[in-house]
Amino acid sequence: MTHKTIKSLRGLVIGTIAALAASSALAADYTMKFSISDTEIEGEHFTHTPLRAFKKEIEEKSDGRIEVKIFWSGQLGKTDSVVNMVATGLVEAIMGADGFASPYDQNIQVLGIPYLFNDRAAAYEVLDGPCGQKLSDGLVEKSGMRAMVWHENGGYRNYSANKPLTSVEDLQGLKIRTMNNPVHMEIVKSLGASPTPIPWQDLYTALQTGVVDGQENSLAIFRIPKLEEVQKNIIMDGHVYSPGALYFSQKWLDTLPEDLLEIVKTASENFRDLNREISTKAEADDRAYLESKGVSIYDPTPEQKQQFRELTQAPALEYIKGSVDADILACFLSAAEEANAKSGG
């Protein structure tokens, strides 16, 4: 073997070792499979934009030690089954409404009390404070999932239908799609309508085919599956402030070293803050867009909103008392009263 050949082989070995080292350095130590049922919207959106920023922040700050794989459009399965996979640790994270977690922990139903928060400022104060933390801790104990942050799921929830809605009476007798959230279902019952839980992915078709007559969501959520194509009437009753959460498998979080856990926590908080900023700003645009598509949006008078409140709040609270831990309920009612007072409510 000539000196030139030996030198060439040595160079090949060194190059191979360097390539393997580089490949090893690029390989993530941890993978976060993150599920979202929505189809991705490329422009600014109150959850999609923060989620893309969340992925970028975690991967950059962790120097690639955590890889975030976002599975859009329910690629991992329907919401209920994926939530179960997060609870059991088969999937690391999912983003969704509070109703996703209520089958695992009845205390989540406290977030469905109608007219609990007078405005966003009051909601933020309570959800980001000790009561929100207590709710998240309880969810971990009962399900294995942690709501890392409570973000905004598009603002306040309103009813839509395939007929004009200008009063409480107009909702009577309608079949209204709800999440599988007993409190939301109780609210619909107290308005004389029939609650019908249907998976999010099936909602458009259910409205299109008449399986249900209407649904309840914020304007922003209403737009995601283009419900304006199958629903032309909305009443802005604002019955529930709609939070969502970044739900993580606690089993997976427990595998992270402290420095990476802090990165995930901080990125989650930044997600929440950007989400709220975009959601608040987009509300007027969402309304203008829907009206341009022929959707009739009715604003109830103060007297009508009070009628909604009187019909729904007491029955919801009575129902909740039988299923929500007394300490959790007292925490939220007390904190909401204090926060409402601060915000002028």
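Residues numbered from 1 in each chain as written. Predicted model: local features only at pLDDT ≥ 70, side-chain atom pairs only at ≥ 80, totals over all residues. Heavy atoms only, no water.

## A closer look at the packing of aromatic side chains
Following the criterion strictly, the structure yields 5 aromatic pairs and no others. Ring centres of Phe-54 and Phe-248 lie 6.4 Å apart, and the angle between their planes is 45 degrees; on these two criteria the pair is classed as tilted. With a gap of 194 residues between them, Phe-54 in helix α2 (residues 48–61) and Phe-248 in strand β8 (residues 233–249) connect regions that are remote in the sequence. Here the two residues Phe-54 and Phe-248 agree in accessibility, since each one is buried. When the ring of Phe-54 is compared with that of Phe-271, the centres are 6.5 Å apart and the planes differ by 80 degrees; the resulting orientation is edge-to-face. Within this pair, whereas Phe-54 is found in helix α2, its partner Phe-271 is found in helix α10 (residues 258–292), the two being separated by 217 residues in sequence. Judged by its relative accessible area of 2%, Phe-271 is buried. In this arrangement the basic side chain of Arg-223 is found over the ring face of Tyr-289, its NZ or CZ atom lying 3.8 Å from the centre. (Phe/Tyr/Trp six-rings, centres within 6.5 Å; stacked < 30°, edge-to-face > 60°. Helix = DSSP H or I, 4+ residues; strand = E, 2+ residues; numbered from the N terminus. Buried < 20%, exposed > 50% of the residue type's maximum accessible area, 1.4 Å probe, protein only. Lys NZ or Arg CZ within 6 Å of the ring centre and 35° of its normal.)

## Considerations on the nonpolar core
The nonpolar side chains of a soluble globular protein tend to be buried with one another. Val-110, Phe-117, Trp-150, Tyr-159, Tyr-247 and Phe-332 are the most contacted members of the largest nonpolar core, which has 57 residues in total. With residues up to four places along the chain from it excluded, the contact list for Phe-117 reads Ala-122, Ala-123, Val-126, Tyr-156, Tyr-241, Ala-336 and Asn-340. Core analysis: the second largest hydrophobic core is formed by 25 residues, Ile-70, Trp-72, Val-149 and Leu-256 among them. (Core = buried A, V, L, I, M, F, W, Y, C linked by side-chain atoms within 4.5 Å. Contact = heavy atoms within 4.5 Å.)

## Some words on the pairing of strand β3 (residues 93–97)
Within a regular strand, the side chains alternate between the two sheet faces. Where burial is concerned, most of β3 is hidden: 5 out of the 5 residues are buried. As judged from the 5 bridges shared by β3 and β8, these two strands associate in the antiparallel manner. Following the sheet pairing, Met-95 is matched in β8 by Leu-246. (Pairing = 2+ DSSP bridges.)

## Digging into empty space enclosed by the protein
Inspection of the entire model under this criterion finds 2 cavities of 30 Å³ or more. Considered as a void within the structure, the largest cavity measures approximately 50 Å³ in volume. If you go around the largest cavity, the residues you meet are Ser-35, Ile-36, Ser-37, Gly-74, Gly-77, Lys-78, Thr-79, Val-82, Ile-94, Met-95, Phe-100 and Gln-201. Looking at the lining of the largest cavity, the elements that each hand over two or more residues are α3 (79–88) and β3. (1 Å grid on protein atoms, 1.4 Å probe; cavity = no way out; pocket = protein on both sides within 12 Å on 5 of 7 lines; lining within 4 Å. Points joined across faces, edges and corners; volume = space filled by probe spheres on them.)

## Notes on the confidence of the model for the protein
Taken over all residues, the pLDDT of the protein has a mean of 92, while the share at 70 or more is 92%. Across residues 12–25, where pLDDT falls below 50, the model places 0 contacts with residues more than four positions away in sequence or in other chains. (pLDDT = per-residue confidence, 0-100.)

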